[in-house]
Amino acid sequence: MRARLPRRLFDAVLLAVVLSPFHALAQPGIEPLRLLQRSPVPQRHTAATDIRWASEDSVYISWEVDGVAEVGLDGTRKRAAVPDRKALDQLNFYSQIAVSPEVLAVGSESRGVSWRLRKTDPRDGILFHFQPLGDLMDFDVAGGRLLLLGLAKREAPFAPQGEIAWIGPLESGAQGLKPILRDAAGPGAASYYNCRNYPMGAVRFLADGSFVIAPGFQDGVHLFSADGKKVRSWSNAELGVNSHLGCAGMSEEEEAKFRLDETWRKRWAMSHTVIDDILPLPQGPGLLLRSWGRDNQAHWTLKVLESRAIRTYPVPVTGRRPLDRLQGDVRNGRIALLLLNNSPGATSPEDVRAEVFVLESPKP
């Protein structure tokens, strides 16, 4: 007997067909993003999870349990930047990385953030600082500050005031974080809680110290000034995002399936347009949006949020696995993208396969 999709999921499938960027062309007068380079990621025991530029010709790449390494754009592994999970013994998984000129940080969804100074000679020993946090969907660091999408502390009741985004001094950890955004569903943060097991939101500092919060599990993408004042917001409808539909009103049965059933999670991913990452472009934040196309492949669109317009660029990358995602970073006119499989615990050679794509950034 074939299982029927929940009504909300069925409606989302129809909307995804309408909003999918698969058939979207770049806006008139906008040059397509040019692919400069493509290379495989050195294969480890577990799946790659995130990417940041390390230098002009190398990137940092994190793996689920195998640590963080600096990797050349030709795919050669240069050096370890963070030891594997067992050696570091601070995090249970390496989910995200964040880099500033001073700091390299790695985060774990359910444990916290470990960080070290970048200008450290390994021969002198590298000191890793650990800041426990309650729950982490995404984070970033800049100018000694930590920006968190998630929970500063894991406490009962869950998110008592609905706090789902925070900012504060990196060295102070959870004690110094102040809430900057709350769940639209109110205390208990139902939107975040129900959809927390599929990363669908992102945060990022921009070059001038301002920052962007894109929850994904609720409506809105928000730009804040460096001093924490909201500058403006964009609706998910403006961007073509529908990942927030059903999060706040998800039943206990649906939440359990989202958390435990990978087949259900794949079906959900194939029927929603999701924010994978935020790129700190000079002209404004660039959102990487993922949708599943009618050709049974994942496709991405870059939406650049300029002051007077939203500019749309098809991304020349496709994914064949239902849980393929893109993570990215920007440096000196180039975008580095990591194509990865977001299937927890993946270990087979095909499932842990990842690639790096280097693109020319959109012209300001």
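Everything that follows concerns the structure shown earlier in this document.
A few points on the structure.

The rules behind these values
Residues numbered from 1 in each chain as written. Predicted model: local features only at pLDDT ≥ 70, side-chain atom pairs only at ≥ 80, totals over all residues. Heavy atoms only, no water. Pairing = 2+ DSSP bridges. Helix = DSSP H or I, 4+ residues; strand = E, 2+ residues; numbered from the N terminus. Axes fitted to C-alpha atoms, helices over the stretch in contact; angles between N-to-C directions. Buried < 20%, exposed > 50% of the residue type's maximum accessible area, 1.4 Å probe, protein only. Contact = heavy atoms within 4.5 Å. Disulfide = S-S within 2.5 Å. Polar contact = N/O pair within 3.5 Å; in protein donor to acceptor, adjacent residues only side chain to side chain. Phe/Tyr/Trp six-rings, centres within 6.5 Å; stacked < 30°, edge-to-face > 60°. Salt bridge = Lys/Arg side-chain N within 4 Å of Asp/Glu carboxyl O. Core = buried A, V, L, I, M, F, W, Y, C linked by side-chain atoms within 4.5 Å. Arc of directions from axis to C-beta.

**A closer look at the sheet that holds strand β20 (residues 298-305)**
Turning to step 1, where the next piece is worked out: An order of β18-β19-β20-β21 is seen for the four strands of this open sheet, with the pairing classed as antiparallel. With one partner strand each, in any of the chains shown, β18 (274-281) and β21 (310-319) form the two edges of the open sheet. Sheet twist, expressed as the mean angle between neighbouring strand axes with direction ignored, is 25 degrees.
Turning to step 2, where the next piece is worked out: With eight bridges connecting them, β20 and β21 associate as antiparallel partners. What sits directly across from Leu305, in β21, is Ile310.

**Here we look at the side chain of Ser243**
Turning to step 1, where the next piece is worked out: When you line up the elements, Ser243 lands in the loop between α4 (236-239) and α5 (252-260).
Turning to step 2, where the next piece is worked out: For Ser243, a relative accessible area of 0% puts it in the buried group.
Turning to step 3, where the next piece is worked out: Leave out the neighbours within four places in its chain, and Ser243 touches Met200, Gly216, Trp268, His272, Thr273 and Val274.

**Digging into the state of the cysteines**
Turning to step 1, where the next piece is worked out: All chains considered together, the criterion is met by one disulfide.
Turning to step 2, where the next piece is worked out: Sulfur-sulfur distance for the disulfide between Cys195 and Cys247 comes to 2.1 Å. The S-S bond linking Cys195 to Cys247 shows a torsion near -105 degrees; that makes this disulfide left-handed. A residue pair is termed long-range when its members are at least 10 positions apart, and Cys195 in helix α3 (residues 190-195) and Cys247 in the loop between α4 and α5 qualify at 52 residues.

**Some thoughts on the pairing of strand β17 (residues 230-234)**
Turning to step 1, where the next piece is worked out: Relative to β17, strand β16 (residues 221-224) runs antiparallel, the two being bridged by four bridges. Directly across from Val221, in β17, lies its bridge partner Trp234.
Turning to step 2, where the next piece is worked out: Where β16 folds back onto β17 in an antiparallel hairpin, the turn is made up of five residues, including Gly228, whose phi is positive at roughly 90 degrees.

**A closer look at the environment of Arg259**
Turning to step 1, where the next piece is worked out: Among the structural elements, Arg259 can be located in helix α5.
Turning to step 2, where the next piece is worked out: Between the alpha carbons of Arg259 and Ser243 there is a distance of 16 Å; along the sequence they are 16 residues apart.
Turning to step 3, where the next piece is worked out: In this view, Arg259 contacts Arg196, Asn197 and Arg265; residues no more than four positions away in its chain are not counted.

**Some words on the environment of Gly188**
Turning to step 1, where the next piece is worked out: Structurally, Gly188 is set in the loop between β13 (178-182) and α3.
Turning to step 2, where the next piece is worked out: The sequence separation of Gly188 and Glu163 amounts to 25 residues, and the corresponding C-alpha distance is 8.6 Å.
Turning to step 3, where the next piece is worked out: Discounting residues that sit within four places of it in the chain, Gly188 has contacts with Phe158, Ala159, Pro160, Gly162 and Tyr193.

**Section: the sheet that holds strand β6 (residues 96-99)**
Turning to step 1, where the next piece is worked out: Judged by pairing direction, the sheet is antiparallel, and its four strands sit side by side in the order β6-β7-β8-β9 without closing on themselves. Whereas interior strands pair on both sides, the edge strands pair on one side only; in this sheet they are β6 and β9 (129-132). The mean angle between the axes of side-by-side strands here comes to 20 degrees, regardless of whether they run parallel or antiparallel.
Turning to step 2, where the next piece is worked out: In the sheet, strand β7 (residues 103-108) pairs with strand β8 (residues 112-117) via six bridges, with the strands oriented antiparallel. In the sheet register, Ala105 faces β8, and the bridge partner there is Trp115.

**Looking at the environment of Asp57**
Turning to step 1, where the next piece is worked out: Relative to the helices and strands, Asp57 is located in the loop between β2 (48-55) and β3 (58-63).
Turning to step 2, where the next piece is worked out: For the pair Asp57 and Arg85, spaced 28 residues apart in sequence, the C-alpha to C-alpha distance is 26 Å.
Turning to step 3, where the next piece is worked out: With sequence-adjacent residues up to four places away left out, Asp57 is seen in contact with Val71, Gly72, Leu73 and Lys78.
Turning to step 4, where the next piece is worked out: Among the polar contacts made by the side chain of Asp57, one reaches the side chain of Ser55 at a distance of 3.0 Å.

**Some details on the packing of aromatic side chains**
Turning to step 1, where the next piece is worked out: In this structure the tally under the stated criterion is nine aromatic pairs.
Turning to step 2, where the next piece is worked out: Measuring from centroid to centroid gives 6.0 Å for Phe205 and Phe211, while their planes differ by 70 degrees, and the two rings are edge-to-face. The two residues Phe205 and Phe211 agree in class, both being buried.
Turning to step 3, where the next piece is worked out: Aromatic rings pair up to connect Phe158, Tyr192, Tyr193 and Phe217 into one cluster.

**Some points on the pattern of salt bridges**
Turning to step 1, where the next piece is worked out: Summed over the entire model, instances satisfying the criterion amount to 22 salt bridges.
Turning to step 2, where the next piece is worked out: A salt bridge links Glu262 to Lys266, with the shortest nitrogen-to-oxygen separation between them at 3.6 Å. In this pair, Glu262 and Lys266 are both assigned in helix α6 (residues 262-269), four residues apart and thus about one turn of the helix distant.
Turning to step 3, where the next piece is worked out: Of the residues examined, Glu262 reaches a relative accessible area of 25% and is grouped as partly exposed.
Turning to step 4, where the next piece is worked out: Among the salt bridges present, the one from Glu355 reaches Arg353, with a minimum N-O distance of 3.4 Å.
Turning to step 5, where the next piece is worked out: The buried category is assigned to Glu355, whose relative accessible area is 12%.

**As for the nonpolar core**
Turning to step 1, where the next piece is worked out: Of all hydrophobic cores here, the largest spans 30 residues; its most connected members are Met200, Ile213 and Phe217.
Turning to step 2, where the next piece is worked out: For this core, the secondary structure elements donating two or more residues are β11 (145-151), β12 (163-169), β13, α3, β14 (202-205), β15 (211-214) and α6.
Turning to step 3, where the next piece is worked out: With residues near it in sequence (within four places) discarded, Phe217 still touches Met137, Leu149, Ile164, Asp183, Ser191, Tyr192, Cys195, Met200, His244 and Cys247.

**Considering α6**
Turning to step 1, where the next piece is worked out: Those residues of α6 lying buried are Trp264, Arg265, Trp268 and Ala269. Mapping the buried residues of α6 onto a view down its axis gives an arc of 140 degrees, with all of them on the same face.
Turning to step 2, where the next piece is worked out: Sitting at the amino-terminal end of α6 is Asp261, which places a side-chain oxygen 3.0 Å from the backbone nitrogen of Thr263.

Don't take any of this as a statement about function, it's just geometry.
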